[in-house]
Amino acid sequence: MSHQWARRRPSRAGAAGCAALLLALLAPLAGCGPAGSPPAPARFPDVQRMLDTRARAVERQDAAGFLASVDPRSTGYRDRQRAMFAHLKGVPLADWHYDLDSTEAFPLPAGGDRTRLAAKVRLRYRLKGFDTAPVHAVQYLTLTEREGRWLISSDTDGAAAGRSGTRQLWDQGPVKLVRGRYSLVLGGSAQRARLKDLAHRVDRAVPAVSAAWKGKWSQKVVVEAPDSVEGMAQLMGSDDPSGYAGIAAVTTGEAGVSTTAPADRVIINPDAYEELNDLGRRVVLTHETAHVATRTATTPATPLWLSEGFADWAAYRGIRRKAALTAPELTRAVATGKLPARLPTDEDFGFKAGADRLAKAYEGSWLACRMIAEKWGEAKLLAFYRAAGRSAAQVSAESAGAPIEAAASATAASSRSRPATPAARPEERPKARAERTDHAMRTQLGVSMAEFTRQWRAFVRKQLAR
């Protein structure tokens, strides 16, 4: 890899995999309890009422009311909760809610003579002026009944079973805020100048992305800048920071759902991000901002080469730079006679793909989107992106002449009975998705996938031979 891109390429290449990992972690676990049994809030209404009272205390900034939900005998946990509540001061919350999902979410430690529950609780919150839909975060809490009242006594008992939940910035320490024109940056103990620089760069990225993605989106971006890669991993719902060591930034958010979907966050790894030069930081933040803008059009049907290639295309749009400098790994491969035979697959973007393979996947995807923009026009690139993300129900309805809106409504109705599909696409059959991509390509570009691939290979050779 070439100098300044050596850290950025694998770091961004992990972004899609990390987003998929996050969504998988946030996806509801299988229900606990006998089949057909009432939901947890109905079986334990006192627990849900306690959680509702706790949430109202956060909204009212009532520290005493918040701590009333904590077991006084769990002194360590109580101290951490007191500190967490203090860290929330200044965070512009629009609302805050807890939902009891299940009560047998993890094995409880042996011992104790009290009635206890291993609860999975979903926190939903919005940031005022930025979130039109709530962020969802999972917590695994031990609840203890004392004198007829349910109290929270721990949030760490599930860790041994891999149930650690997602720790927000205010769980990690005091939170600093910097507001930009289009951005809100939340950081830890980092110098305010670093947070201001992030806000400034995102404020530049938003208009750049809006010029590329001519579609409706919020044009507001929330950035979280933890103090360490360990903090980043916690925000991603993981206790293992090793998988994020080279990742400069990732974008969270559930793919392919409506505008009522959970909000996006761009999460920064301070270590990897600081290693980037000025252009690298600009490209990374514009790339992640593009993911925020396109999320509602990005579904499990969207191939990663298209979603990642478009984000790179938007990031490099307007930057005059030779293709060989932007795509060094692919350039070296072409120079040694190793021109790719196919477009990058989703597996090429995986954690285990290796740095070179990841880099070539991103570079090839960028060149594919660049070719579409140059050969068919930017409007066709956007039309193809949207068409490629349409579900099977939408495609069938369109083929039958039904309005797109009706197809979208049918899809939404069918999805209400199951969790939103994560970006990892576990239920998307590769053959079916390939057929829909081919259909979108024929409809929008007038060529088959096979012909597009042939033209792409010729384009890559020509661009990188310059």
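The name an unreviewed UniProt entry assigns to the chain is Lipoprotein, from the organism Streptomyces glebosus.

**Things to note about helix 7 (residues 192-212)**
Compared with the 30 Å implied by 1.5 Å per residue over 21 residues, the 30 Å span of helix 7 between its first and last C-alpha is a close match. Those residues of helix 7 that sit buried are Leu 195, Leu 198, Ala 199, Arg 201, Val 202, Asp 203, Ala 205, Val 206, Val 209, Ser 210 and Ala 212.

**Overview of unusual backbone geometry**
Residues other than glycine seldom take positive phi values, yet Gln 61 does so here, at roughly 55°. For Gln 61, the position within the fold is in the loop between helix 3 (45-59) and helix 4 (63-67). With relative accessibility at 66%, the residue Gln 61 sits in the exposed group. A positive phi angle, close to 55°, is found at Gln 219, a residue other than glycine.

**Looking at the pattern of salt bridges**
For the structure on display, the rule yields 25 salt bridges. Note that Arg 82 is salt-bridged to Asp 79, the shortest N-O span being 3.1 Å. In this pair, Arg 82 and Asp 79 are both assigned in helix 5 (residues 75-87), 3 residues apart and thus about one turn of the helix distant. Owing to a relative accessible area of 40%, Arg 82 belongs among the partly exposed residues under this scheme. Classification of Asp 79 as partly exposed rests on a relative accessible area of 46%. Among the ionic pairs, Arg 194 bridges to Glu 274, the shortest N-O distance being 3.5 Å. With Arg 194 in helix 7 and Glu 274 in helix 9 (residues 270-274), this residue pair connects regions lying 80 residues apart in the sequence. The class for Glu 274 is partly exposed, based on a relative accessible area of 38%. A network of salt bridges, in which partner residues are shared, links Arg 80, Asp 155 and Arg 167.

Here is what the cut-offs are and how they apply
- Residues numbered from 1 in each chain as written.
- Predicted model: local features only at pLDDT ≥ 70, side-chain atom pairs only at ≥ 80, totals over all residues.
- Heavy atoms only, no water.
- Helix = DSSP H or I, 4+ residues; strand = E, 2+ residues; numbered from the N terminus.
- Expected span 1.5 Å × (residues − 1).
- Buried < 20%, exposed > 50% of the residue type's maximum accessible area, 1.4 Å probe, protein only.
- Salt bridge = Lys/Arg side-chain N within 4 Å of Asp/Glu carboxyl O.

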